[in-house]
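Summary of the model geometry
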Amino acid sequence: MTPAQIETFFATLQAINPLPASELEYTSVFELLAAVLLSAQATDVGVNKATRRLFPVANTPQQIIDLGLERLEGYIKTIGLYRSKAKHLMETCRILVERHGGQVPRTRAELEALPGVGRKTANVVLNVAFGEPTMAVDTHIFRVGNRTGLAPGKTPLEVELKLLKRVPEKYLPHAHHWLILHGRYVCVARTPRCWECAVARCCDYQPKTPAP
């Protein structure tokens, strides 16, 4: 994709959805962190189903600690890998209370030091909660970056760094969500829906998928 095509690509996505948002449900920075931690290898729909039960009972680090591991597992057992995720979330809550006054830290290094929080999770929190121009490369963004020619790369980190260089600065605050939603609903894994794609003319993917 050329710089002109990239500009058109994001201007079009912006016109369609000016203020894209995460499909995870949360009302605080901690709830966002917890939801993203729980979302690894799980759908947002599945995570929301569990957090709708959990957050009304415990939605701060101390409340999660007070809940205890066994009860926490009970609330999130519908999510894949729930035992390890419960352990990571519990350990993360202890660190937040002991080292950060119960608050979610605002630096990548401090976020990535939390159990169960990798680079992608840290990027989501930095972008969504704190407005940092980061790019959380999940399977959808990795696919879109490669398939369209926007940011080809062999690893999520390579795609992330290319996106940060190639996406115009004015679009960076929301680019992460536009790309996730585009990959989730239009540029899907098995058969991209090129016939209804608003940015197909900007994309390198060939041959375009015809309408069924």
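All values reported here derive from a predicted model rather than from experimental measurement.

1. Things to note about the overall build of the protein
Counting secondary structure elements, the protein contains eleven helices and zero strands. Seen in sequence order, the protein has helices and strands lined up from the N terminus as α-α-α-α-α-α-α-α-α-α-α. Here the C-alpha radius of gyration of the protein, 18 Å, is about what a compact globule of 212 residues would show, namely 17 Å. Dimensions of the protein along its principal axes, counting C-alpha atoms only, are 55 × 35 × 30 Å. In the protein, which comprises 212 residues, the proportion classed as buried is 46%. A fraction of 59% describes how many contacts in the protein between residues 6 or more apart in sequence connect residues 24 or more apart. Of the roughly 10,600 Å² of accessible surface on the protein, 56% is carried by carbon and sulfur atoms. Taking the average place of the 26 positive charges on the side chains of the protein and the average place of its 19 negative ones, the gap between the two points comes to 6 Å.

2. A look at helix α5 (residues 69–76)
Burial in α5 covers these residues: Leu72, Glu73, Tyr75 and Ile76. Buried residues of α5, seen end-on, are gathered within an arc of 160 degrees and therefore sit on one face of the element. For α5, the secondary structure elements touched by its buried residues are α2 (29–38), α3 (44–54), α4 (61–67) and α6 (82–100).

3. Concerning the packing of aromatic side chains
Taken as a whole and judged by the stated rule, the model has four aromatic pairs. Arranged with centres 5.1 Å apart and planes meeting at 75 degrees, the rings of Phe9 and Phe10 form a pair that is edge-to-face. Owing to a relative accessible area of 0%, Phe9 belongs among the buried residues under this scheme. Judged by its relative accessible area of 0%, Phe10 falls in the buried class. Geometrically, the ring pair formed by Tyr171 and Trp178 is edge-to-face, given 6.3 Å between the ring centres and 70 degrees between the ring planes. Ring-pair connections join several aromatic residues into one group, and the members of that group are Phe9, Phe10, Tyr171 and Trp178. The lysine or arginine in question, Arg147, covers the ring of Tyr205, its NZ or CZ lying 5.4 Å from the ring centre.

4. Points about the state of the cysteines
Applying the stated rule across the entire model yields zero disulfides. Cys194 provides the cysteine sulfur closest to Cys197, a residue in no disulfide bond, and the two sulfurs are 6.6 Å apart.

5. Regarding a nonpolar patch on the surface
Taken together, the side chains of Leu157, Leu161 and Leu164 present a nonpolar region at the surface, about 230 Å² in accessible area. When you line up the elements, Leu157 lands in helix α10 (residues 156–166). Under the relative-accessibility criterion, Leu157 is labelled partly exposed at 40%.

6. So, the pattern of salt bridges
Taken as a whole, this structure holds eight salt bridges when the rule is applied. Its salt-bridge partner being Arg184, residue Glu23 comes within 2.4 Å of it at the nearest N-O pair. Of this pair, Glu23 sits in the loop between α1 (3–16) and α2 while Arg184 is found in helix α11 (residues 172–185), placing the two residues 161 residues apart along the sequence. Arg119 is paired through a salt bridge with Glu160; the nearest N and O atoms lie 2.8 Å apart.

7. Digging into the packing of α2 against helix α8 (residues 119–129)
In contact at an axis separation of 10 Å, α2 and α8 are set at 150 degrees when each is read in the N-to-C sense. Taken together, the axis directions place α2 and α8 in an arrangement best described as roughly antiparallel. For the pair α2 and α8, the crossing hand works out as right-handed. Residue-level inspection shows Val29, Leu32, Leu33, Val36 and Leu37 of α2 in contact with α8, the latter providing Thr121, Val124, Val125, Val128 and Ala129. Here the residues of the contact of α2 with α8 sort into nine nonpolar, one polar and no charged.

8. Observations concerning the environment of Asp66
Note on placement: Asp66 falls in helix α4. Once the C-alpha coordinates of Asp66 and Leu161 are considered, the two residues, 95 residues apart in sequence, prove to be 40 Å apart.

Calculation criteria
- Within any chain, residue numbers begin from 1 and follow the written order of that chain's sequence.
- In view of the model being predicted, local features appear only for residues whose pLDDT reaches at least 70, and side-chain atom pairs are presented and counted only at 80 or more, with totals across whole chains, interfaces and linings using the full set of residues.
- Hydrogens and water molecules were not included; the side-chain quantities draw on all heavy atoms of the structure.
- By definition, any uninterrupted DSSP run of H or I lasting at least four residues is a helix, any uninterrupted run of E lasting at least two residues is a strand, and each is numbered from the N terminus.
- Taken over C-alpha atoms, the radius of gyration is set against a globule rule of 2.2 Å times the number of residues to the power 0.38.
- Exposure categories follow from relative accessible area, calculated using a 1.4 Å probe and restricted to protein chains: below 20% of the type maximum is buried, above 50% is exposed, and the middle band is partly exposed.
- Should any heavy atoms of two residues lie within 4.5 Å, those residues are considered in contact.
- All accessible areas in this document rest on Shrake-Rupley with a 1.4 Å probe, and a residue is counted as covered only by the protein chains that are shown.
- Counted charges follow a simple rule, with Lys and Arg positive, Asp and Glu negative, and His plus the chain ends left uncounted.
- For charged residues, the charge sits on one atom: NZ in Lys, CZ in Arg, CG in Asp, CD in Glu.
- Relevant arc is that of directions from the helix axis to the C-beta atoms, nothing else.
- Aromatic pairing here means that ring centres of Phe, Tyr or Trp (its six-membered ring) are within 6.5 Å. Orientation follows from the plane angle: under 30 degrees is stacked, over 60 is edge-to-face, and everything else is tilted.
- Charge-over-ring placement is defined geometrically: NZ (Lys) or CZ (Arg) within 6 Å of the ring centre, and within 35 degrees of the ring normal.
- When two cysteine sulfur atoms lie within 2.5 Å, the pair is treated as a disulfide.
- Residues forming no salt bridge and having over 30% relative accessible area are the ones grouped into patches, like charges within 9 Å of each other and nonpolar side chains (Val, Leu, Ile, Met, Phe, Trp, Tyr) within 5 Å.
- Definition used for salt bridges: Asp or Glu carboxyl oxygen within 4 Å of a side-chain nitrogen of Lys or Arg.
- Only the stretch in contact is used when a helix axis is fitted, and all axes are lines through C-alpha atoms; the angle between N-to-C directions ranges over 0 to 180 degrees.
- If an angle is under 35 degrees, it is roughly parallel; if it is over 145, roughly antiparallel; if it lies from 65 to 115, roughly perpendicular; otherwise it is oblique.
- Crossing handedness follows the turn of the near helix against the far one: under a right angle anticlockwise gives a left-handed crossing, and clockwise gives a right-handed one.
- Any residue outside Ala, Val, Leu, Ile, Met, Phe, Trp, Tyr, Cys, Pro, Asp, Glu, Lys and Arg is labelled polar, Gly included; the first ten of those are nonpolar and the last four are charged.

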